[in-house]
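Here is how the chains run, residue by residue.
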Amino acid sequence: MSNPRNLLSRFAQNKHVLLLLLLIAIVNFCTMPRAAYQGDAYAIRLEGVHLLEKGDIGIPIAKGVLMKELVAQEGQYFFFNREKGKLYSKWGILNTVLFLPPVAMERILFQVNDLFEPGVPVTDLKLHTKPLMFLLNVYNIFFSLLVALYLYRLAELFSGHLISRYVFVLGIFYSTFVWNYLRAQSSEIFQIFLFAVFFFHLVRFQRQAKAAGKREAWPHLLACASCAGLLSLTKIYYILIFPILTAVVILEPEFRGALWGGSQQKQNARRLVLSLGLPTLVTLSVILFANHYKYGSFFESGY
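Source: prediction; values computed, not measured. (Residues numbered from 1 in each chain as written. Predicted model: local features only at pLDDT ≥ 70, side-chain atom pairs only at ≥ 80, totals over all residues. Heavy atoms only, no water.)

Is there a simple way to explain the sheet that holds strand β3 (residues 86–89) in this structure?
Two pairing modes exist for strands in a sheet, parallel and antiparallel, and in both the strands are linked by backbone hydrogen bonds. Taken together, the three strands give an open sheet; going across it, the order is β1-β3-β2, and neighbouring strands pair in antiparallel fashion. Edge positions in the open sheet fall to β1 (59–60) and β2 (78–81), since each of these has one partner strand only. Pairing of β1 with β3, which is carried by two bridges, proceeds in the antiparallel orientation. When the bridges of β3 are listed, P60 appears paired with K86. (Pairing = 2+ DSSP bridges. Helix = DSSP H or I, 4+ residues; strand = E, 2+ residues; numbered from the N terminus.)

Below you can see the structure in the form of structure tokens.
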């Protein structure tokens, strides 16, 4: 069992960030939207619902006829795979996966009829029931708190003043367009979280590497590359992060002196392959497989 004194000590050490998270949770809970945020997320969640109900992310075109608003303009929300006769969301597969928890929780906790019943139109009211709206809002609050935590830890790297950290986090949350995505039930909150984690670990890698080319720097680069990979699985153009990140690590003058000079050059080259090369390869493999499965070609992006 944990020693009560240790628990009190940990609370005392983290009380400022815990109070900040509590404040954000209260504000965001009290301002939860009643209506669903329209747009891309509709198609993404429909793909997730069909996966849970029918075991496949592809929605048969016959059912697509009953989703009039979402298929009125071909290619706006769905890609039509003519060979399979199915509709697939244009957006990355990770979006569908990340929306599964609230959709699955609705089916576990509440009596929910199948959305994809034969011959029954798919409407906004059927998709966005009151229980699902509540669960999506709570889900957004959860990710908002994760974003706040990483922003606070990032601020700690640059400032020793508590007020500065609070202003940094609260300023980003409530005086920029981030506020829209804290409340919108869309995939942007996932992207904001992944970017926050990416940049936090990029700064940590930069500082560790430039200190003395330390071995401890490489897990941070692995975290950066993993976040870049996950971002690429939400929207494919984030794949451009990989060559930029590689160029920075290899060509940036201070990195060259710390990492690519001296006796550790070969070891660091292997670490670079594992920390950056491996996530890049895995990400590309998943994207190509998903493209082939959903769109019928390795090089078809859905757009």
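Looking at this structure, how should I read the pattern of salt bridges?
Scanning the model with the defined rule gives seven salt bridges in all. As a salt-bridge pair, R107 and E53 come within 3.0 Å of each other at their nearest N and O atoms. Here the residue R107 occupies a position in helix α6 (residues 100–109), and E53 occupies one in helix α2 (residues 40–54), the gap between them amounting to 54 residues. Given the relative accessible area of 17%, E53 is considered buried. For the salt bridge of K235 with E188, the shortest nitrogen-to-oxygen distance reads 3.9 Å. Highlighted residues: K235 in the loop between α12 (218–232) and α13 (241–251) and E188 in helix α11 (residues 188–212), separated in sequence by 47 residues. Assessed through its relative accessible area of 11%, K235 is described here as buried. Put simply, E53, E106 and R107 are held in one network by salt bridges that share partners. (Salt bridge = Lys/Arg side-chain N within 4 Å of Asp/Glu carboxyl O. Buried < 20%, exposed > 50% of the residue type's maximum accessible area, 1.4 Å probe, protein only.)

Without other data, these values stay purely geometric and don't point to any function.
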